[in-house]
Amino acid sequence: MLPSADCAGWSDFPMSDDVVLTKLLRQDRAIVIAGAAAISLLGWSYLVYQGWAMQHMDLVSMAMPSTGAWGLIDLLMILAMWTIMMIAMMVPSVTPMLLTFAMINRSRHAQGRVFVSVWVFLAGYVASWTGFSFVATLAQWELHNLELISPMMVGTSPVLGSLVLISAGIYQWTPFKYACLRHCRAPLQFLASYWRDGKGGAFLMGMRHGAYCLGCCWLLMAVLFAVGVMNLAWITTLSVFVLLEKLIPRGFWVAKVAGLVLMGLGGWMALSGGA
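A brief report on the enclosed structure follows.

Details of the state of the cysteines
Working definition of a disulfide: a covalent bond connecting the sulfur atoms of two cysteines. As enumerated under the stated definition, the model contains 0 disulfides in all. Not part of a disulfide, Cys184 finds its nearest cysteine sulfur in Cys213, a span of 3.1 Å. Overall, Cys184 belongs to the buried group, its relative accessible area being 7%.

Written out as structure tokens, the structure is:
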């Protein structure tokens, strides 16, 4: 029987490079999964609390945007809300990319290349979605000014809501959607095609991948203007859908089916709103 690693003298033998690399890869994987889970949990905790507080404003004091003209504080509040919401929704689906980046980065480091933290890549990814959050904030500001969204952040125009839902459904069937989704579903291929060394390279790769995910999902996020920006049921549904279309083998078909559902809901909203 082979001696255990705890036996006297056994630990004095140097481990091979392959064994050390394997241990580091496992360690990196655990750190990435734990970190991504913690970030997602914090984001979802914020969303759940905000959703609950909006329904119980008689019990808790909650900062809400002004019902009148918005100032800088109102805009910053909405920008923070959208940014946190996008992080909570998108980090789970980008985790396979983070794991792949960490694996390649560690293997390259073992060959003498510069080591870059996976969180630099994630920062670039988040930067892309922060840009979307800025645009979403401006859109919500304009909808507020036109009284097309209520103080509770729910769309007030069935016609506009139906157009958003139908547009999102149609978009699910477009070639551009599938081109972006293809990049999101193939982490190894993406990194092989666009790898750049250093922290700046990792940040730019993260931004680029975020741009593809943005191209894949931006109109899905716009659906929240129709169904309620802080509608937790819809936020959860969209998050699960994004996860499925990116990860499961038949993700492209999930996207198509979801497109049909959105178009059907848009038609129903238009008909019920006009009744």
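This is not the end of the story, as more comes after the structure.
Side note on the layout of surface pockets
Considered as a void within the structure, the largest pocket measures approximately 150 Å³ in volume. Listing elements by their share of the lining of the largest pocket, those giving two or more residues are helix H1 (17-55) and helix H8 (232-247). In the lining of the largest pocket, the residues fall into 8 nonpolar, 4 polar and no charged.

Some points on the pattern of salt bridges
For the structure shown, the criterion picks out 3 salt bridges. For the salt bridge of Asp197 with Arg108, the shortest nitrogen-to-oxygen distance reads 2.4 Å. Pair noted here: Asp197 is in the loop between helix H6 (187-194) and helix H7 (198-227) and Arg108 is in helix H2 (residues 72-110), with a separation of 89 residues, a long-range link.

Some points on unusual backbone geometry
Positive phi, normally seen in glycine, also occurs at Glu147, with a value near 60°. Relative to the helices and strands, Glu147 is located in the loop between helix H3 (118-145) and helix H4 (158-171). Judged by its relative accessible area of 64%, Glu147 falls in the exposed class. For Met153, which is not glycine, the phi dihedral falls at a positive 65°. Position of Met153 among the secondary structure elements: in the loop between H3 and H4.

Observations regarding the packing of aromatic side chains
Going through the model one piece at a time under the given rule, you end up with 11 aromatic pairs. Judged by centre distance (5.3 Å) and plane angle (45°), the ring pair of Trp82 and Phe225 falls under tilted. With Trp82 in helix H2 and Phe225 in helix H7, the pair connects residues that are 143 residues apart, well separated along the chain. The exposure classification of Trp82 matches that of Phe225, with both residues buried. In textbook terms, an aromatic cluster arises when at least three aromatic residues are bridged by ring pairs, as seen for Trp82, Trp129, Phe132 and Phe225.

Points about the side chain of Thr137
For Thr137, the location among the structural elements is in helix H3. There is a polar contact of 3.5 Å between the side chain of Thr137 and the backbone nitrogen of Leu79. Contacts of Thr137, omitting those with residues within four sequence positions, involve Leu75, Ile78, Leu79 and Trp82.

Cut-offs and rules
Residues numbered from 1 in each chain as written. Predicted model: local features only at pLDDT ≥ 70, side-chain atom pairs only at ≥ 80, totals over all residues. Heavy atoms only, no water. Disulfide = S-S within 2.5 Å. Buried < 20%, exposed > 50% of the residue type's maximum accessible area, 1.4 Å probe, protein only. 1 Å grid on protein atoms, 1.4 Å probe; cavity = no way out; pocket = protein on both sides within 12 Å on 5 of 7 lines; lining within 4 Å. Points joined across faces, edges and corners; volume = space filled by probe spheres on them. Helix = DSSP H or I, 4+ residues; strand = E, 2+ residues; numbered from the N terminus. Nonpolar A, V, L, I, M, F, W, Y, C, P; charged D, E, K, R; others polar. Salt bridge = Lys/Arg side-chain N within 4 Å of Asp/Glu carboxyl O. Phe/Tyr/Trp six-rings, centres within 6.5 Å; stacked < 30°, edge-to-face > 60°. Polar contact = N/O pair within 3.5 Å; in protein donor to acceptor, adjacent residues only side chain to side chain. Contact = heavy atoms within 4.5 Å.

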